[in-house]
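Residues per chain are reported as follows:
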Amino acid sequence: MKLFHLYSKVFILLSIVGFSMVDMKAQVSIIPEPNDLELGNGNYLLDASDMIVFQEDQLKSLGDYLRDKISSLVGINVKIAQKNTSEKGIVLSIDQSISDNEEAYKLEISDELVKITGASKSGVMYGIQSLLQIIFPANYQDNAVVLPALTINDAPAFKWRGMHLDVCRHFFSVAFIKHMLDMMAMHKLNTFHWHLTDDQGWRIEIKKYPKLTEISSVRKETMVGHYVEENQVFDGTPYGGYYTQEQIKEVVDYAAKLCITVVPEIEMPGHAVAALAAYPELSCTGGPFDVYTKWGVSKDVFCAGKEETFTFLQNVIDEVVDLFPGPYIHVGGDECPKDRWKECPLCQKRMKDNGLKDELELQSYFIKRMEKYIASKGKKLIGWDEILEGGLPEEATVMSWRGYEGGVEAAHSGHDVVMTPGEYCYFDHYQSTPDDEPLAFGGLTTLSKVYEFKPIPPSLEKKSRNHILGAQANVWTEYIKTDDKVEYMVFPRLCAMAEVLWSNDSTRNYDDFLKRLNVHLQRLDVEGVNYRPLEKEGEGNKE
Ligand code: TNX
């Protein structure tokens, strides 16, 4: 209903002003902005007589996706066929030779044809996303959409274009995760970092350790308000949730259809008290423990002295590896207090036996050992920048969150890096002055601040720049309980992040982005996204 309402508004508006180049330009308000877009002469009329033609078998699922999207966006039901000779239609094909960048695509709209050529399947997906943004909001007349003739040549600036979601502090349904994946695809993002375990809850079924779902997935209550408040109050209500392995597969498959890779995160050695509540024998003290009910970090962590800890984590990794076909396994590694290790005879013995000079080196031993195991499974380890402390495993990729420094250091020493410095990438931060906003973690990360973000810091020497794979937005959910609030915190900041990661840095322009965003928000309306309204942005500029 909402869609058709909007839709008729666009129609009425256009009938009044008539079509002009200016309307066309507004219509082609693509986010992230394409690198090269040239408007041509004429229009293509998209209607129910159209046919989507896919030239390669592997493009069938994308053809189906495009057909369904066109139908839900503008109510036009086109057909789909393989290698049809139909004169009028949307042709999808792969041609590696169009670019060295395998995510590149070319979109050509002429009077006769709409043609999407990708350097790979994901390239075709990005061409489809640009086409969908041109289709809506579009010029709609007599059951047809008028598409302006144009040529787009486009490719992303960065390989890792991501969003992270913490489902431990608060849990989100499979349906909502799929919706967020849809929104990521719309913005040409390709990596979903799923934060699945933490002190406050373990959210992934591991068949070998059923107590992880029976015990570790539920906390007996949750703190109310901000954790810096002096009088901490708890709600007295149990809170929990987890994903079965079937559900995990369902999400991973869904993401794959959208050309999104899922990176699972299993936290170690810290942020682990939920697991220890079920298996206290893996701690230094033996427990007992509760799944954490407040925010912040538990001092109880996996014992680095016990062999059982490694056996447990390796068994967990075995099941995780089978569920996630992507190349990376995230092992956390952040914020691991060393208090227990300092007093644990087994940890101290491990240090002595291995010539480790302090607990930082013990943490490094831990991560290096897991890295070897993960590599033996054909996967790559990625971790938060604390994995640099005490020495980094040779093949590790670093996710730099405490500013740029960790990432710069890692790139200098030849490691790949994903940049997520808090001041630009933390979407649990306020978007404006706290008085005008719902409760958030802290900080101030306005829309314009996100837009200013440069994943490659100027201080990084040229030869190390290719180690910056890209960046991602991190959505920590201590103060985000509902789907609506996730959307409020994520949009429109994710639109800015998408442009940072995709578009040409030298031509990006915030005012131009805002103009396009005004149009783009209609697309988010159609998807029912509860974004933060733009008119509030002025306040957010008080930095
Ligand atoms: C730090 S970023 C954390 C998270 C918190 C977040 C809140 C990181 C690796 N660890 O556990 O949720 O700050 O902003």
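Residues numbered from 1 in each chain as written. Predicted model: local features only at pLDDT ≥ 70, side-chain atom pairs only at ≥ 80, totals over all residues. Heavy atoms only, no water.

1. Focus: the pattern of salt bridges
And then number 1: By the definition in use, this model includes 29 salt bridges.
And then number 2: Among the ionic pairs, Glu 250 bridges to Lys 178, the shortest N-O distance being 2.7 Å. In this pair, Glu 250 sits in helix H7 (residues 245–257) while Lys 178 sits in helix H5 (residues 174–186), placing the two residues 72 residues apart along the sequence.
And then number 3: Owing to a relative accessible area of 37%, Glu 250 belongs among the partly exposed residues under this scheme.
And then number 4: Lys 463 is paired through a salt bridge with Glu 461; the nearest N and O atoms lie 3.3 Å apart.
And then number 5: Put simply, Glu 33, Glu 499, Asp 512 and Arg 516 are held in one network by salt bridges that share partners. (Salt bridge = Lys/Arg side-chain N within 4 Å of Asp/Glu carboxyl O. Helix = DSSP H or I, 4+ residues; strand = E, 2+ residues; numbered from the N terminus. Buried < 20%, exposed > 50% of the residue type's maximum accessible area, 1.4 Å probe, protein only.)

2. Quick look at helix H16 (residues 483–490)
And then number 1: Among the eight residues in H16, six count as buried, and that is most of the element.
And then number 2: For H16, the complete set of buried residues consists of Lys 485, Val 486, Glu 487, Tyr 488, Met 489 and Val 490.
And then number 3: Contact partners of the buried residues in H16: strand E9 (160–166), H5, strand E22 (429–430), strand E24 (468–475) and helix H17 (493–502). (Contact = heavy atoms within 4.5 Å.)

3. Thoughts on unusual backbone geometry
And then number 1: A cis geometry characterises the amide bond from Ile 31 onward to Pro 32, with omega recorded as -5 degrees.
And then number 2: The residue Pro 32 is located in the loop between helix H2 (21–27) and strand E1 (36–46) in this model.
And then number 3: Here the bond from Phe 491 into Pro 492 is cis, since omega is 5 degrees, no more than 30 degrees from zero.
And then number 4: With respect to the helices and strands, Pro 492 occurs in the loop between H16 and H17.
And then number 5: Positive phi outside glycine occurs at Lys 188, with the angle close to 60 degrees.
And then number 6: Within the secondary structure, Lys 188 is located in the loop between H5 and strand E10 (191–195).
And then number 7: Residue classification places Lys 188 among the buried positions, given a relative accessible area of 0%.
And then number 8: A positive phi angle, near 40 degrees, is found at Glu 335, a position not held by glycine.

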